[in-house]
Amino acid sequence: MRAVARHLFVPEVPVEKAYAAEHHYVTKKDEHGVSISSVSAARIQVMMLEQAEVRPGMRVLEIGTGGYNAALLAELVGEGGAVISIDIDQDVLDRARRFLPAAGYGSVTLLRADGEFGAPEHAPFDRIIVTAGAWDIPPAWVEQLAGGGRIVVPLRMRGLTRSVAFEWNNGQLADRGYELCGFVPMQGAGEQRERLIPLHGDDVRLRLDDNQQADGDALRAALSMPRREAWSGTAVGKDIRFDGLYLWMAMRLPDFGLLAATKAAVDRGLVAHSWGLGVPTLLDGDSFAYLTFRATSEAREQFEFGAYGHGPHADVTVEKLVSLIRSWDGTSLGARISAFPAGTPDELLPSDALILARRHTRIAITWPSPPPKLAALPARRAAPNGSNDRK
Ligand SMILES: C[S@@+](CC[C@H](N)C(=O)[O-])C[C@H]1O[C@@H](n2cnc3c(N)ncnc32)[C@H](O)[C@@H]1O
């Protein structure tokens, strides 16, 4: 990170912002205002490079160009390696063509291509790093990967994106861990956008992915009904990651969506709690319930999960949601995510896997590790002094 001058790739941005770990610079939006290209946040780039374990001498394909990440890759692979960076958008490539040589990285090969098909003329690759949100793993990536090679890809599963490191061994893409992230959507042949169901104009919307279904009219009516709530007695400390709960809910609930509300909608009390990307929501026919949490003490050291719901059966729906929360094992990175070719029969998939059917693959998610149980709150209030310790 110190070797590459990041500000040269975002000359529009003040220097202190250019080097801020969480700052990403949007370089292009579509006609609806959706970001479609950016120079990703430095923290996310580092995280993915670490997941990829890029070493000197490797050949690396980057899908989605911004310039800076390709320069980092060039530093990592060194003179004996090769970096090929492809983008579907000529404007993005033109930017990188200006900035990369100026920063001293003229050795990066830039190509206009749809990442769905990789870059066969430059294969095989030891690493493929995908930097746009993908919904599937197209065959070209596997075909162009060297034995033991890795693909790091932000993969969307029921609306939740995780940067998954896959290793190609014995005809299988086995996961080597995953991390939380968000990315601009994949365009081109692999594009698969989510559906947005407005529940209150654009202020409150449901994000639906995969084959998840919702009765928009019924849920719009539900939102105007009184709010119900239920609390799980399950809590986490304030610095503990709980994105694993999101994945658990996404895979375990029969119908799952993400309830996304603007700050204005939350301020007006339309929904009690939400944020831009949405909170996990159980869709239950004419009723729905969404995940929330509350501090268990004034010191706000610990938070208890609960559910708010609306609709004719909201009292039942909120109870269903909290009972699922109680069954979560408390780990954030406890799931295993593997990918198999679409034609793989059930008996060859991991037993008790939850399967997401894609065009080219079947994504199998399991929770193999014995769960370190979350602390259950002794009563309504947390006990003092670290009652959140895991067992
Ligand atoms: C987040 S940006 C890439 C960031 C970049 N890796 C960096 O240095 O920070 C995502 C890019 O993916 C590109 N993209 C989207 N779909 C693509 C596809 N099918 N093939 C190639 N590039 C694609 C977009 O045009 C966009 O420029």
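Residues numbered from 1 in each chain as written. Predicted model: local features only at pLDDT ≥ 70, side-chain atom pairs only at ≥ 80, totals over all residues. Heavy atoms only, no water.

The protein appears in an unreviewed UniProt entry as Protein-L-isoaspartate O-methyltransferase from Candidatus Protofrankia californiensis. UniProt, in its Subcellular location (unreviewed entry) section for the protein, records the words "Cytoplasm". (UniProt positions renumbered as here; feature names shortened; annotations may be inferred.)

*Asks:* Break down empty space enclosed by the protein for me, citing the residues and quoting the values.
*Replies:* Applying the stated criterion to the full structure yields four cavities of 30 Å³ or more. The computed volume of the largest cavity comes to approximately 320 Å³. Around the largest cavity sit 29 residues that line it, and Gly64, Thr65, Asp87, Thr131 and Ala132 are the ones nearest its centre. Looking at the lining of the largest cavity, the elements that each hand over two or more residues are β2 (35-39), β3 (59-63), α3 (68-77) and β4 (82-87). When grouped by side-chain class, the residues that make up the lining of the largest cavity number 13 nonpolar, twelve polar and four charged. (1 Å grid on protein atoms, 1.4 Å probe; cavity = no way out; pocket = protein on both sides within 12 Å on 5 of 7 lines; lining within 4 Å. Points joined across faces, edges and corners; volume = space filled by probe spheres on them. Helix = DSSP H or I, 4+ residues; strand = E, 2+ residues; numbered from the N terminus. Nonpolar A, V, L, I, M, F, W, Y, C, P; charged D, E, K, R; others polar.)

*Asks:* Explain α3 to me, and be specific about the residues and the numbers.
*Replies:* For α3, a buried count of eight out of ten residues is recorded, marking the element as mostly surrounded by other parts of the structure. Within α3, the full set of buried residues consists of Tyr68, Asn69, Ala70, Ala71, Leu72, Leu73, Ala74 and Val77. Residue Gly78 follows α3 closely and has a positive phi angle near 70 degrees. (Buried < 20%, exposed > 50% of the residue type's maximum accessible area, 1.4 Å probe, protein only.)

*Asks:* How would you summarise the pairing of strand β19 (residues 361-366) if you had to cite specific residues and measurements?
*Replies:* Regular strands have side chains that alternate between both faces of the sheet. Of all the six residues making up β19, six are buried; the element is thus mostly covered by neighbouring parts of the structure. By the alternation rule, side chains of β19 split into Thr361, Ile363 and Ile365 and Arg362, Ala364 and Thr366, which are all buried. Strand direction decides the pairing type here: strand β17 (residues 336-341) and β19, joined by six bridges, are antiparallel. Residue Pro341 lies in a different strand from β19, and its bridge partner there is Thr361. The sheet contact formed by strand β18 (residues 354-357) and β19 spans four bridges and is antiparallel. Bridge pairing in β19 links Leu354 to Ile365. (Pairing = 2+ DSSP bridges.)

*Asks:* Just give me the short version of the nonpolar core, but keep the residues and values in it.
*Replies:* In this structure, Trp141, Ile151 and Phe166 are the most contacted members of the largest nonpolar core, which totals 76 residues. Per element, the largest residue contribution to this core is seven residues, and it comes from helix α7 (residues 243-252). Built from parts of two domains, this core gets at least three residues from each of domain 1 (6-190) and domain 2 (195-326). Sequence-distant contacts of Trp141, that is, excluding residues within four places in its chain, are made with Ile63, Gly115, Glu116, Gly118, Ile128, Val130, Ala134, Asp136, Ile151, Val153 and Met186. Core analysis: the second largest hydrophobic core is formed by 37 residues, Ile44, Ala70, Ala74 and Leu100 among them. (Core = buried A, V, L, I, M, F, W, Y, C linked by side-chain atoms within 4.5 Å. Domains from an automatic or database assignment. Contact = heavy atoms within 4.5 Å.)

*Asks:* If you had to explain helix α2 (residues 42-52) to someone new, which residues and values would you point to?
*Replies:* Taking burial as the measure, the eleven residues of α2 include eight buried ones, the bulk of the element. Within α2, burial applies to Ala42, Ile44, Gln45, Met47, Met48, Leu49, Gln51 and Ala52. The inward-facing, buried residues of α2 contact β2, α3, β6 (125-130), β7 (145-157), β8 (160-169) and β9 (172-180). Positive backbone phi, at 50 degrees, marks Glu53, one or two positions downstream of α2.

*Asks:* So what about the site of the ligand? Which residues, and what values?
*Replies:* Around the ligand, 27 residues are found, and the nearest of them are Ser37, Ser40, Asp87, Gly115 and Gln187. At a separation of 3.2 Å, a nitrogen atom of the ligand approaches a polar backbone atom of Ile88. Protein coverage of the free-state accessible area of the ligand, which is 610 Å², stands at 100%. Here the ligand is seated within the largest cavity. Across the shell around the ligand, the residue classes break down as eleven nonpolar, twelve polar and four charged. (Near = heavy atom within 4 Å. Polar contact = N/O pair within 3.5 Å; in protein donor to acceptor, adjacent residues only side chain to side chain. Areas by Shrake-Rupley, 256 points an atom, 1.4 Å probe, with all protein chains shown as cover. Sits in = over half its atoms within 2 Å of the grid points.)

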